[in-house]
Amino acid sequence: MVGRTAPTARTVLAGARVVLPTGVVEDGRVTVEGRHIVEAGAGGTATGGGTTGGAQLDNSAETALDLTGHWIVPGFVDMHVHGGGGASFSAGTPEEALTVAHTHRRRGTTTLLASTVTGDLDDLARQAAALSELVEQGELAGVHFEGPFISPHRCGAHQPSLLRHPDPADVRKLVDAARGTAKMMTLAPELPGGLDSVRLLADSGVIAAVGHTDAAYEAALEAVEAGATVATHLFNAMPPLLHREPGPVAALLEDERVTIELINDGTHLHPAALRLAFRRAGADRVAFITDAMGAAGMSDGVYPLGPMEVEVTDGVARISSGPTAGSIAGSTLTLDRAFARAVTLDGLSVPEAVRALSATPARVLGLDDRVGSLEAGKDADLVVLGEDFGLVGVMRRGEWVIDPEVG
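The notes below deal with the structure included here. Treat the numbers as computed from the prediction; the structure is a model and nothing was measured.

## Regarding the packing of aromatic side chains
1) Next: If you walk through the whole model with that rule in mind, you get four aromatic pairs.
2) Next: Taken together, a centroid distance of 5.7 Å and an interplanar angle of 25° make the contact between Phe76 and Phe339 stacked. One end of the pair, Phe76, is in strand β6 (residues 76–78); the other, Phe339, is in helix α8 (residues 335–344), and 263 residues separate them in sequence.
3) Next: On the basis of relative accessibility, which here comes to 1%, the residue Phe76 falls in the buried class.
4) Next: Following the ring pairs from residue to residue traces out a cluster consisting of Trp71, Phe76, Phe339 and Phe389.
5) Next: We note Arg17 situated over the ring of Trp71; from NZ or CZ to the ring centre the distance is 5.1 Å.

Here it is, written out as structure tokens:
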């Protein structure tokens, strides 16, 4: 006799304010089966044959959780992160890469790219090959190369001696090393070979991002015409916007084809600059990122960032020595803090913040068929927030990373 197949585990989250693509649903309901969302909408508090709060209902495989007084938002998507938990993607080892991923996952980032730092070309190729295996396993969403094809005048926390012009052959070498997992590359398009490299990336299905650049307004526009679609951490590591020399900031901000990254940590941008950029571009063109290095989720101290040494004091990371000493070196930000800051200090609505932290980066990365919003058929990636927007729970692919009842 053939036994009956066990029912798929079903979890009902009810009573919370649920943020959908169409807006906020009061007393909403999200139902998860296996790794997918099967229902998201109105539904009220959890009820059933047993108790709420994680108790099994009757003899079914359904678990109901009453989240009245909470928010449920999509899992965050970070398209620019270098490290966390004391580890770095630049180490090129699965162990450190997983530490980074798990550190940010526990803060609500259920999807993230692995961002590299300027290094020797062969070393970067080795890092990409190692990271590609974790992409194939589903731990990471892809690889982002930041450097070495950036301007020596705007190199920030990148080692100046390792910078090089974006020769298309070298760009191709890195893309090929990632074995189909390269999602984005940041470069300075004004450098020799820059525009040809932008075209190569666009033709290869890899996002060309303008950043760490000394480009004039016209050169930045040329890059967009060649296929660049992302502005790497707008304002940072590029010329400021001046009234007679508007530079790349104006070009990238005004072009509707460009998505702009913003680091909302209170250090990289004055709140007025962030609000100005956000209001000009709108939530559909802004992706909040962390640009986090190894100290994210950790205490102050000294940490590596690629070949550089970084000192973190009061949560702010700066290069500790050498020709770029004192330069801000990424951040210690996590996206749960960026979200809370956006809605409590920056005046953004919750749906606007959700688009900037989830829907927009998911769309830019071509992953919006699976993640970025709470919709039936998508991965059950979600974040439970308290009334004050503090993180309470994280679910990834239907499994609790942080259980709201356990913590």
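More follows now that the structure is in view.
## Remarks on the sheet that holds strand β18 (residues 308–313)
1) Next: Taken together, the three strands give an open sheet; going across it, the order is β17-β18-β19, and neighbouring strands pair in antiparallel fashion. Every interior strand has two partners, whereas the edge strands, β17 (301–305) and β19 (316–319), have only one. On average, each strand axis in the sheet is inclined to that of its neighbour by 35°, with strand direction left out of account.
2) Next: Sheet topology note: the β18/β19 ladder contains four bridges and is antiparallel. Across the sheet, the residue bridging to Val312 is Ala317, located in β19.

## Focus on unusual backbone geometry
1) Next: Following Gly147, the chain continues into Pro148 via a peptide bond in cis, with omega recorded as 15°.
2) Next: Note that Pro148 resides in the loop between β11 (143–146) and α3 (168–177).
3) Next: Positive phi is not limited to glycine here, since Asp27 has a value of about 50°.
4) Next: With respect to the helices and strands, Asp27 occurs in strand β2 (residues 23–33).
5) Next: Residue classification places Asp27 among the partly exposed positions, given a relative accessible area of 44%.
6) Next: Non-glycine residue His233 carries a positive phi angle of around 25°.
7) Next: By the element assignment, His233 lies in the loop between β14 (230–231) and α6 (247–254).
8) Next: Given the relative accessible area of 3%, His233 is considered buried.

## Quick look at α3
1) Next: Those residues of α3 lying buried are Asp170, Val171, Leu174, Val175 and Ala177. One side of α3 carries all its buried residues, which in axial view fall inside an arc of 165°.
2) Next: Contacts made by the buried residues of α3 are with α2 (121–136), β11, β12 (182–187) and α4 (194–203).
3) Next: One side-chain oxygen at the N-terminal end of α3 lies 2.8 Å from the backbone nitrogen of Ala169; it belongs to Asp167.

## Some words on the pairing of strand β15 (residues 259–263)
1) Next: Judged by how many residues are buried, β15 sits mostly within the fold: five of five residues are covered.
2) Next: The sheet contact formed by β14 and β15 spans two bridges and is parallel. When the sheet's bridge partners are listed, Val230 is paired in β15 with Thr259.
3) Next: Regarding the hand of the β-α-β motif, the stretch spanning β14, α6 and β15 is right-handed.
4) Next: In this structure, β15 lies alongside strand β16 (residues 286–289), joined through four bridges in parallel fashion.

What counts, and at which threshold
Residues numbered from 1 in each chain as written. Predicted model: local features only at pLDDT ≥ 70, side-chain atom pairs only at ≥ 80, totals over all residues. Heavy atoms only, no water. Phe/Tyr/Trp six-rings, centres within 6.5 Å; stacked < 30°, edge-to-face > 60°. Helix = DSSP H or I, 4+ residues; strand = E, 2+ residues; numbered from the N terminus. Buried < 20%, exposed > 50% of the residue type's maximum accessible area, 1.4 Å probe, protein only. Lys NZ or Arg CZ within 6 Å of the ring centre and 35° of its normal. Pairing = 2+ DSSP bridges. Axes fitted to C-alpha atoms, helices over the stretch in contact; angles between N-to-C directions. Arc of directions from axis to C-beta. Contact = heavy atoms within 4.5 Å. Polar contact = N/O pair within 3.5 Å; in protein donor to acceptor, adjacent residues only side chain to side chain. Right-handed = clockwise from strand over helix to strand, strands pointing away.

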